[in-house]
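Each chain, written out:
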Amino acid sequence: MDIEVNVVNSINYLIGVLINLSRVEQSPKLELDKIIFIGRTFEEYLDMFSLAIEELRGKKILDCPGGACSFTAKGNKLGLDVIACDIAYYHSVEDLEDKGLLDIDHAMEHMEKAKDNYVWDYFKNIEGLKTQRLRALIECTKDRKEFRERYVPVSLPALPFKDMEFDILLSAHFLFTYADRLDFDFHKRTIMELLRVTKEEIRIFPLIDLEGNRYEHLDKIIDFPIRIGCKVEEVKVPYEFQLNGNSMLKITKGK
Ligand SMILES: C[S@@+](CC[C@H](N)C(=O)[O-])C[C@H]1O[C@@H](n2cnc3c(N)ncnc32)[C@H](O)[C@@H]1O
């Protein structure tokens, strides 16, 4: 592996989350030092999932996993009905806020070395990126302090929700991204569980792993929703930060 790929991997490792599946299965609460609490903004979500606010009105939406995203906070402020779930929410809001601030600082230091592997149209520079990541963390933290019930602790691949409890489910920077540590079976079980709790459609972004390659089992994995009558589309979206990360999977459930 060359030095550049190594640097990208270590950055992605930092901005993502350390996942040790056997540990997750033994205990649902991942230790705080194993969680990297960084999230995207509401506006980034709209772009990466190619959604307009009007399409979301009147729908019950789940952000899974939500991490330090501001999608739930801002969405509810705008009159949407959104909740988020994540394994990180087993931890207190104060602990996650402190961890999130540290993680943003670390990620930005490392980003300097890997900036050529990202597309800067959206954030312009590292300072711009930091501003948006801080905004997401602050909005998410404030909202969780006020509306605790909107942030549900979960441990995928299982969800504590009823069949078809949500109309739309959004899942960003988790499935496919961590293909190096989440195996095929985990992906399959998680996607089927996301479909179980959803009535209309799920959207997953991006379709590449940490090295920027299309998830190697994508064709095989989409066979499972197709077999139960879902329509599966790969859709180009107007958001690309990680190079080549500009497509999402849209899985529409059959009637
Ligand atoms: C890179 S973050 C993505 C957060 C957000 N969706 C975004 O795009 O910014 C990945 C999230 O997955 C969560 N996570 C990792 N393993 C999980 C599991 N087994 N069940 C639920 N959430 C998990 C982490 O806590 C982390 O917040």
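Remember, it's a predicted structure, so these values are computed and weren't measured experimentally.

(A) Representation of the overall build of the protein within the structure. The number of helices and strands found in the protein is ten helices and seven strands. The burial tally for the protein puts 39% of its 255 residues in the buried class. Sequence-distant contacts in the protein: of pairs separated by 6 or more residues, those separated by 24 or more amount to 74%.

(B) Here's a closer look at the site of the ligand. Pro65, Gly67, Leu156, Ala172 and His173 are the nearest of the 20 residues found near the ligand. In terms of residue class, the shell around the ligand is made up of twelve nonpolar, six polar and two charged.

(C) Summary view of the environment of Pro206. Assignment of secondary structure puts Pro206 in the loop between strand S5 (198–205) and helix H9 (218–221). The exposure class of Pro206 is buried, given the 25 C-beta atoms found within 10 Å. With 158 residues separating them along the chain, Pro206 and Met48 place their C-alpha atoms 8.0 Å apart. Not counting chain neighbours up to four residues away, the residues in contact with Pro206 comprise Phe176, Thr177, Gln242, Gly245, Ser247 and Met248.

(D) Broad picture of unusual backbone geometry. Pro157 follows Leu156 through a cis peptide bond whose omega is 20 degrees. As for its placement among the helices and strands, Pro157 is situated in the loop between strand S3 (151–153) and strand S4 (166–172). For the peptide bond that leads from Phe205 to Pro206, omega is -10 degrees, which places it in the cis range. Phi angles above zero are rare outside glycine, and Lys124 is one such case at about 75 degrees. Mapping Lys124 onto the fold places it in the loop between helix H6 (93–114) and helix H7 (126–146). Judged by C-beta crowding, with 10 C-beta atoms within 10 Å, Lys124 ranks as exposed.

(E) Broad picture of the packing of H6 against H7. It is the contact of H6 with H7, at a shortest axis distance of 10 Å, that shows an interaxial angle of 170 degrees. With respect to each other, H6 and H7 are oriented roughly antiparallel. Here H6 contributes Val93, Glu97, Gly100, Ile104, Met108, Met111 and Glu112 to the contact with H7, which in turn contributes Ile126, Leu129, Lys130, Arg133, Leu134, Leu137, Thr141, Arg144 and Lys145. Grouping the constituent residues of the contact of H6 with H7 by class yields eight nonpolar, two polar and six charged.

(F) The arrangement of the nonpolar core in detail. Residues Tyr45, Cys85 and Leu169 are the most contacted members of the largest nonpolar core, which totals 57 residues. For this core, the leading source of residues is S4, giving five residues. Residues contacting Leu169, with those up to four places away along its chain left out, are Leu62, Cys64, Leu194, Val197, Thr198 and Ile202.

(G) Quick peek at the pairing of strand S7 (residues 247–252). As paired strands, S5 and S7 are joined by four bridges and run antiparallel to one another. Opposite Glu201, over in S7, you have Thr252 as the bridge partner. With six bridges connecting them, strand S6 (residues 231–236) and S7 associate as antiparallel partners. Considered in S7, the bridge of Lys236 is made with Ser247.

(H) A look at the sheet that holds S5. Read across the open sheet, the seven strands follow the order S3-S2-S1-S4-S5-S7-S6; overall the sheet is mixed. For this open sheet the edge positions go to S3 and S6, each flanked by a neighbour on one side alone. On average, adjacent strands in this sheet sit at an angle of 20 degrees to one another, irrespective of strand direction. Against the sheet, helix H8 (residues 184–196) engages S4, S5 and S7, with an angle of about 140 degrees to S5.

(I) The environment of Leu80, seen in detail. Inspection of the secondary structure assignment puts Leu80 in the loop between helix H5 (71–77) and strand S2 (81–86). When the C-alpha positions of Leu80 and Glu54 are compared, they lie 9.4 Å apart, and in sequence the two are 26 residues distant. In this structure Leu80 touches Leu56, Arg57, Ile61 and Gly75, once residues within four positions along its chain are discounted.

Calculation rules
- Counting of residues starts from 1 at the beginning of each chain's written sequence and follows it residue by residue.
- The predicted nature of this model means local features are confined to residues of pLDDT at least 70 and side-chain atom pairs, given and counted, to a pLDDT of 80 or more, with totals for whole chains, interfaces and linings taken over all residues.
- Secondary structure elements are defined from DSSP: runs of H or I of at least 4 residues count as helices, runs of E of at least 2 residues count as strands, and each element is numbered from the N terminus.
- Three exposure classes are used, based on other C-beta atoms lying within 10 Å of a residue's own C-beta, which is placed from the backbone: buried for 20 or more, exposed for 12 or fewer, and partly exposed in between.
- By the convention adopted here, residues are in contact when the distance between their C-beta atoms, placed from the backbone, does not exceed 7 Å.
- Throughout this description, a residue near a molecule or strand is one whose C-beta atom, derived from the backbone, lies within 6 Å of it.
- Classification convention: Asp, Glu, Lys, Arg as charged; Ala, Val, Leu, Ile, Met, Phe, Trp, Tyr, Cys, Pro as nonpolar; all other residues, Gly among them, as polar.
- A fitted line through C-alpha atoms represents every axis, and for helices the fit uses only the stretch in contact; the resulting angles, taken between N-to-C directions, go from 0 to 180 degrees.
- Relative orientations are named as follows: roughly parallel for angles under 35 degrees, roughly antiparallel for angles over 145 degrees, roughly perpendicular for angles from 65 to 115 degrees, and oblique for any other angle.
- Note on terminology: a nonpolar core is any set of buried Ala, Val, Leu, Ile, Met, Phe, Trp, Tyr and Cys residues joined through C-beta atoms within 7 Å.
- We treat two strands as partners when DSSP finds at least two bridges between them.

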